[in-house]
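Working through the structure, step by step
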Amino acid sequence: MKYRTVVMYMEIGCFVSCLCGWILVCSTLPTEYWTFSEVGSIVLTTSNYYSNLWRDCISDTTGVSDCKDYPSMLALPAFLHACRALAVCSVITGFFGGVLTLVGMKCTKIGGSEVANARVTFAAGITYLVSGFCGMITYSWWANKLVTEFLDPTFRAQKFEIGAAVFVGWGGSTLLISGATVMTYFSGKEGLPSRSPKRPQRPATYATARTRQTYMLPEHTSATFNRDSFV
């Protein structure tokens, strides 16, 4: 199997991995189960509290649930604003990464030369890496805050646990980072020039060797010439 065919199948596999990861990250944004808490002393009066980046929700054992958006955006903590921004950046950069990958892959034949396609694919891999790291930072930061508050004995407010959406986001971010890393390696190896290019050396031929010997004087000739010049 040729090297180009191997790289083409590798690009397809990396694109599928990144696409699946991006879909998983997108699916977590409308999901309410980023945090979860169950409060109640009797089974009939148990209430479940869960929330995400945009709203708080509550449900009881009868199946009735109610969600309420955050009342004021300016009153929210900076932590929540940062998580929102990182999550949105992850979705946007993942979308543009998919567009660049479709343009630069070898199997689509949309771009120009092989080097140009490799450079476009390299840019797509970098974009997917940014998307994956933005998502990973968002979910890890969110989970770290929940764990810190849950294990803090001095924290008196209601304590929450990590919801299912955070684990789905971790999986999607891992797929994005792993697929983008392999894609960036192979495309950068082909599309980017090496840092220390070697100049092509002219091969030695019989004519150049004879010419060099013609213009090089022997040692005794140069010595005789110097001795005669002082006379």
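Parameters and conventions
Residues numbered from 1 in each chain as written. Predicted model: local features only at pLDDT ≥ 70, side-chain atom pairs only at ≥ 80, totals over all residues. Heavy atoms only, no water. Phe/Tyr/Trp six-rings, centres within 6.5 Å; stacked < 30°, edge-to-face > 60°. Buried < 20%, exposed > 50% of the residue type's maximum accessible area, 1.4 Å probe, protein only. Helix = DSSP H or I, 4+ residues; strand = E, 2+ residues; numbered from the N terminus. Lys NZ or Arg CZ within 6 Å of the ring centre and 35° of its normal. Expected span 1.5 Å × (residues − 1). Contact = heavy atoms within 4.5 Å. Axes fitted to C-alpha atoms, helices over the stretch in contact; angles between N-to-C directions. Parallel < 35°, antiparallel > 145°, perpendicular 65-115°, else oblique. Left-handed = near helix turned anticlockwise from the far one by under 90°.

This next bit is on the packing of aromatic side chains. The relation between two aromatic rings is expressed through the spacing of the ring centres and the mutual angle of the planes. Here the structure, examined in full by the defined rule, presents nine aromatic pairs. Where Phe95 meets Phe96, the ring centres are 5.5 Å apart and the plane angle is 75°; that geometry is what we call edge-to-face. Classification of Phe95 as partly exposed rests on a relative accessible area of 47%. Considering the side-chain rings of Phe167 and Trp170, the 5.5 Å spacing of their centres and the 80° angle between planes classify their relative orientation as edge-to-face. Placement of both Phe167 and Trp170 in helix 4 (residues 164–191) is noted, with a separation of three residues, approximately one turn of the helix. Overall, the relative accessible area of 24% leaves Trp170 in the partly exposed class. Geometry around Phe150 places Lys159 over its ring, the cationic atom sitting 6.0 Å from the centre.

Turning our eyes to something else, we now look at helix 1 (residues 3–28). Counted at 1.5 Å a residue, the expected span for helix 1 with its 26 residues is 38 Å, and the 38 Å between its end C-alpha atoms agrees. Every buried residue of helix 1 is accounted for by Val7, Met8, Glu11, Cys14, Phe15, Ser17, Cys18, Gly21, Trp22, Val25 and Thr28. Tucked inside the fold, the buried residues of helix 1 contact helix 2 (78–104), helix 3 (114–151) and helix 4.

The next thing to look at is the packing of helix 1 against helix 3. Look at helix 1 against helix 3: their axes get within 11 Å of each other, and the N-to-C directions meet at 30°. The angle between helix 1 and helix 3 places the two elements in the roughly parallel class. Between helix 1 and helix 3 the crossing geometry is left-handed. On helix 3, the residues that touch Arg4, Glu11, Phe15, Cys18, Trp22, Val25 and Thr28 of helix 1 are Glu114, Thr121, Tyr128, Ser131 and Tyr139.

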